[in-house]
Amino acid sequence: MIVDDVPDTCESVRCLLNFEPRVEVVGEAHNGEEAVSKAEKLRPDVILMDINMPVLDGIAATEAISCRVSGCAIIIMSVQGEQEYLRQAMLAGAREYIIKPFTSDELISSIYRVYDLEQRRQVSIQGIAGEEKRSALGQVVTVFSTKGGVGKSTIAVNLAACLSQEFGFSVALVDLDLQFGDVAVLLNMTPRQTISDLAVEYNQLDEELLDAYLMRHSSGVRVLAAPARPEYAEMVSSHHVEKVIKLLQKSYDYIIIDTPGIFTDPSMVALDYAHQILLVLSLDLPTLKNIKLGLEVLDSLHHRDKVKIVLNRANLELGIGPGDVERSLGVSLLSQLPSDGRLVVGSVNKGKPFILSNPHSRISDSLRQLAREVVSTGQKTRSVKKPRRFLGGLLSALTQ
Ligand SMILES: Nc1ncnc2c1ncn2[C@@H]1O[C@H](COP(=O)(O)OP(=O)(O)OP(=O)(O)O)[C@@H](O)[C@H]1O
Ligand SMILES: [Mg+2]
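Conventions we followed
Residues numbered from 1 in each chain as written. Chains lettered and ligands numbered in written order. Predicted model: local features only at pLDDT ≥ 70, side-chain atom pairs only at ≥ 80, totals over all residues. Pairing = 2+ DSSP bridges. Helix = DSSP H or I, 4+ residues; strand = E, 2+ residues; numbered from the N terminus. Contact = placed C-beta atoms within 7 Å. Axes fitted to C-alpha atoms, helices over the stretch in contact; angles between N-to-C directions. Near = placed C-beta within 6 Å. Nonpolar A, V, L, I, M, F, W, Y, C, P; charged D, E, K, R; others polar.

Asks: Whenever I open this one, the sheet that holds strand β3 (residues 46-50) confuses me. Can you help?
Replies: What links the strands of a sheet is backbone hydrogen bonding, and the strands pair in either a parallel or an antiparallel sense. A sheet is described by the order of its strands in space; here five strands give the open sequence β2-β1-β3-β4-β5, paired in parallel fashion. Two strands in the sheet have a free side with no partner beyond their single neighbour: β2 (28-29) and β5 (96-99). Bridge analysis of strand β1 (residues 2-3) against β2 gives two bridges, and the strand direction is parallel. What sits directly across from Val3, in β2, is Ala29. Running at roughly 175° to strand β4 (residues 73-78), helix α4 (residues 83-91) makes contact with β4 and β5 of the sheet.

As structure tokens, then:
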């Protein structure tokens, strides 16, 4: 957000930022008071703030914003000779200052510097919050869709890696796409034992035995892989899945569950136990139609409150926009991930989640934002009751 009382300055700063793909100007304000109210509404990552302005000056505005809007870094734009003001601005909470006139390179590198620093601060704050909450049972986050190929596994794997490596949570990732699960492939891991081997040991299953089945990824995520062959899928029942989730909840902060693109008994358990259901969709009509039906089913199962919509490949020009999705489904989107075939497929082929291989890309920024939403929702919904309703329940709910 740009704050300056001289419209020409706002315009020239906009021009300097015009060709920087990772920077978007989300708003403009022309005095300190307007800056404070817009910062509260727009919650920009970075504010470029002039000092001398009418109504409320940039220093008072910086102080108010630093107290009221977390995660927002302020860069002061000043002219030479305002040394005392600059000192006051830094005391008020500004993170950086640049002297007018500045070049596009100076401006952009300042923006990235304060943005990266703020991201790291937020991550460590959330890490500490996670530590404090460890005594509670783990949060179950089920990544679901009523359509195949929309990006469930991509999102599940990157979300788990982000929560573990960047935010410092303990994370278990369970592949419940029992016939064709590919979580292990996405992480370049070769499972020696999978969830179907574990099902055989159901009667002896406890935390220690389960631990032996979990592969350790370099990001810290512990992974329970899908069966090695599609025909082994039927060895895994809803009761097995229920027991696995309950045990994981005792040891991990987050249990991320990847699912197939249909309602199956095991994925119904993952929906029942979920504190948050990330319903993934893309911008095409067949997907929207299926998601609409899926939402109706989730509604009848009383899961609607837990559902958060994640729009994947949001920037594709397909004639349908995010606004159309919100209107036609009657839900607001929690998060949007851009399409980036080169980076996503490249990371898949390397077996390394993009959040680890390209942490500063646009798609990683969006994923990190999604992870932050998941954490903040998690902190509000620690003690969700876990209903029991498997496929029989689904059928009766649908026929009521
Ligand atoms: N944001 C994105 N940009 C570009 N490509 C993507 C993006 N998200 C996913 N993909 C690609 O789309 C394909 C499907 O993704 P993914 O396997 O994650 O979907 P899925 O919903 O898990 O599919 P399935 O239902 O088959 O399990 C993969 O090739 C993946 O690399
Ligand atoms: Mg998948």
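Asks: In this structure, what is going on with the sheet that holds strand β8 (residues 215-216)? I would like to understand it.
Replies: Pairing is mixed in the open sheet, where eight strands are placed in the order β8-β9-β7-β10-β6-β11-β12-β13. Among the strands making up the open sheet, the edge pair consists of β8 and β13 (333-337). Taken together, the three bridges between strand β7 (residues 171-175) and strand β9 (residues 222-224) define a ladder with parallel strand orientation. Bridging across to β9, Val174 finds its partner in Leu224. Those strands touched by helix α6 (residues 152-166) are β6 (139-144), β7, β10 (254-258), β11 (276-281) and β12 (307-312), and its axis lies near 165° from that of β10. Against the sheet, helix α12 (residues 285-300) touches β11 and β12, its axis set at about 160° to β11.

Asks: Would you mind going over the site of ligand 1 with me for this structure?
Replies: Lining the immediate surroundings of ligand 1 are 20 residues, of which Gly148, Gly151, Lys152, Ser153 and Thr154 lie closest. The element best represented in the shell around ligand 1 is helix α14 (residues 341-350), accounting for four residues. Grouping the amino acids of the shell around ligand 1 by side-chain chemistry returns six nonpolar, 10 polar and four charged.

Asks: Got a minute to help me understand the environment of Phe169 in this structure?
Replies: With respect to the helices, strands and loops of the structure, Phe169 is situated in the loop between α6 and β7. In this structure, the C-alpha to C-alpha distance between Phe169 and Gly220, residues 51 residues apart in sequence, is 9.0 Å.

Everything listed here is a matter of coordinates, which is why it stays silent on function.
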